[in-house]
Structure formats: C-alpha cells, structure tokens
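The lines below spell out each chain.
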Amino acid sequence: FTSHSPDETAQLARRVGAQLGAGDTLLLEGGIGAGKSHFARALILSRLAEAEDVPSPTFTLVQTYDLPDCELWHADLYRLGDPDQIVELGLLDAFQAAICLIEWPDRLAELTPETALTVRFDDMLQNDTRQIEFTWTAPHWTSRVKEALA
C-alpha cells in the first residue's frame, strides 16, 4: 500500500483496526519517524467508544485501552533493556487476550507471536509518501488484509 499523506495512513489504520479482535497482534516495523505511532494512534482512536488522549508509550513502554469488546495494548519496545521485561510487562498474556500493537517488535526475539501480522513502514520515499507492506503466515490474515486494502 502506498500512502501519500498522514491522512491516508490514518484511513488505512482505521480499516485495519476494524478487522481486529482479541488475540490479534500487529508488529509495526520501520525507522524512527516512519509512521508507526501515527498509524497506531489512528487505529486506537478508531476503536475507542469515546475519544481520549492517546500518548506514545515511548517512556511507559505500554499503554492499555479498554475497548467495548476487549483490551488494546500499545507497546513501544525501543527502550526495552532485556527480553525478560516482556514477561514482566504482561505482554505474553496480552497476546492471547487483547489486541496488541507492538512498535520495535525485533525486541521480542523468540517471544514474537507466530500468528502476528507485520506492518512495515518505509519512509524512504519523498515528502509524506510511505510504502506500507503487510506480511503474515497465519491464513486468517489473508481475507482481513484484502478487506482493509479494498
């Protein structure tokens, strides 16, 4: 998917968010400033019953939100010191029971959920244009990604 503006990226996030349920994990990859947090914020806001402040979890590592149907966890693992902290944060349980948006998922190492959807943001294009690539191995993502991209 090629996004030509932050608004197009937010629209895509809302469409992807509409496809998510408890137990779904999105791995948001890309460099600093590539659009991961913007995508996550738009997705979160689209799922909340009432709008609220959606801060970046850069310093808190995790922010949680109560959705009408489940919890949503937004994690920024950039500052994670040790993979053992993932267990301490409760992320392994969240992978099973919540929607999880994970920035800097490489920090998960062997704890990465096998059924996750990877969303890679390439900001190497000019202006606000981003190439956004979706990859997955779990078959349930195929129809959901097609629906979000339609």
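Conventions adopted
Residues numbered from 1 in each chain as written. Predicted model: local features only at pLDDT ≥ 70, side-chain atom pairs only at ≥ 80, totals over all residues. Heavy atoms only, no water. Patch = residues over 30% accessible without salt bridge, like charges linked within 9 Å, V, L, I, M, F, W, Y side chains within 5 Å. Areas by Shrake-Rupley, 256 points an atom, 1.4 Å probe, with all protein chains shown as cover. Salt bridge = Lys/Arg side-chain N within 4 Å of Asp/Glu carboxyl O. Lys, Arg positive; Asp, Glu negative; His and termini not counted. Charge placed at Lys NZ, Arg CZ, Asp CG, Glu CD. Helix = DSSP H or I, 4+ residues; strand = E, 2+ residues; numbered from the N terminus. Buried < 20%, exposed > 50% of the residue type's maximum accessible area, 1.4 Å probe, protein only. Pairing = 2+ DSSP bridges. Expected span 1.5 Å × (residues − 1). Arc of directions from axis to C-beta. Contact = heavy atoms within 4.5 Å.

A.B. asks: Summarise a negative patch on the surface; cite the residues concerned and give the values.
C.D. replies: Together, Glu50, Glu52, Asp53, Asp66 and Glu71 give the surface a local cluster of negative charge. Within the secondary structure layout, Asp66 lies in strand E3 (residues 62-66). By relative accessible area, Asp66 is classed as exposed at 63%.

A.B. asks: How would you sum up the pattern of salt bridges? Please name residues and give values.
C.D. replies: Counting across every chain of the model gives 3 salt bridges. For Arg144, the salt bridge identified is with Asp24, shortest N-O distance 2.4 Å. Remark: Asp24 occurs in the loop between helix H1 (6-17) and strand E2 (25-29) and Arg144 occurs in helix H5 (residues 140-149); sequence separation between them is 120 residues. Residue classification places Asp24 among the buried residues on the basis of a relative accessible area of 7%.

A.B. asks: Please give an account of the sheet that holds E3 that cites residues and values.
C.D. replies: Strand order in this open sheet of 7 strands is E1-E7-E6-E2-E5-E4-E3, and the pairing throughout is mixed. Sheet topology places strand E1 (2-3) and E3 at the edges, where each strand pairs with a single neighbour. Taken together, the 2 bridges between E1 and strand E7 (residues 130-135) define a ladder with antiparallel strand orientation. Bridged to Thr2 within E7 is Gln131.

A.B. asks: Describe H1, with residues and values.
C.D. replies: Since the α-helix advances by 3.6 residues per turn, residues separated by three or four positions end up pointing in the same direction. For H1, spanning 12 residues, the distance from its first C-alpha to its last is 16 Å, which sits close to the expected 16 Å at 1.5 Å a residue. Among the residues making up H1, those that are buried are Thr9, Ala10, Leu12, Ala13, Val16 and Gly17. Viewed end-on, H1 has its buried residues packed into an arc of 160°, placing them on one side of the element. On its buried face, H1 is in contact with E1, E2, helix H2 (36-47), strand E6 (117-122), E7 and H5.

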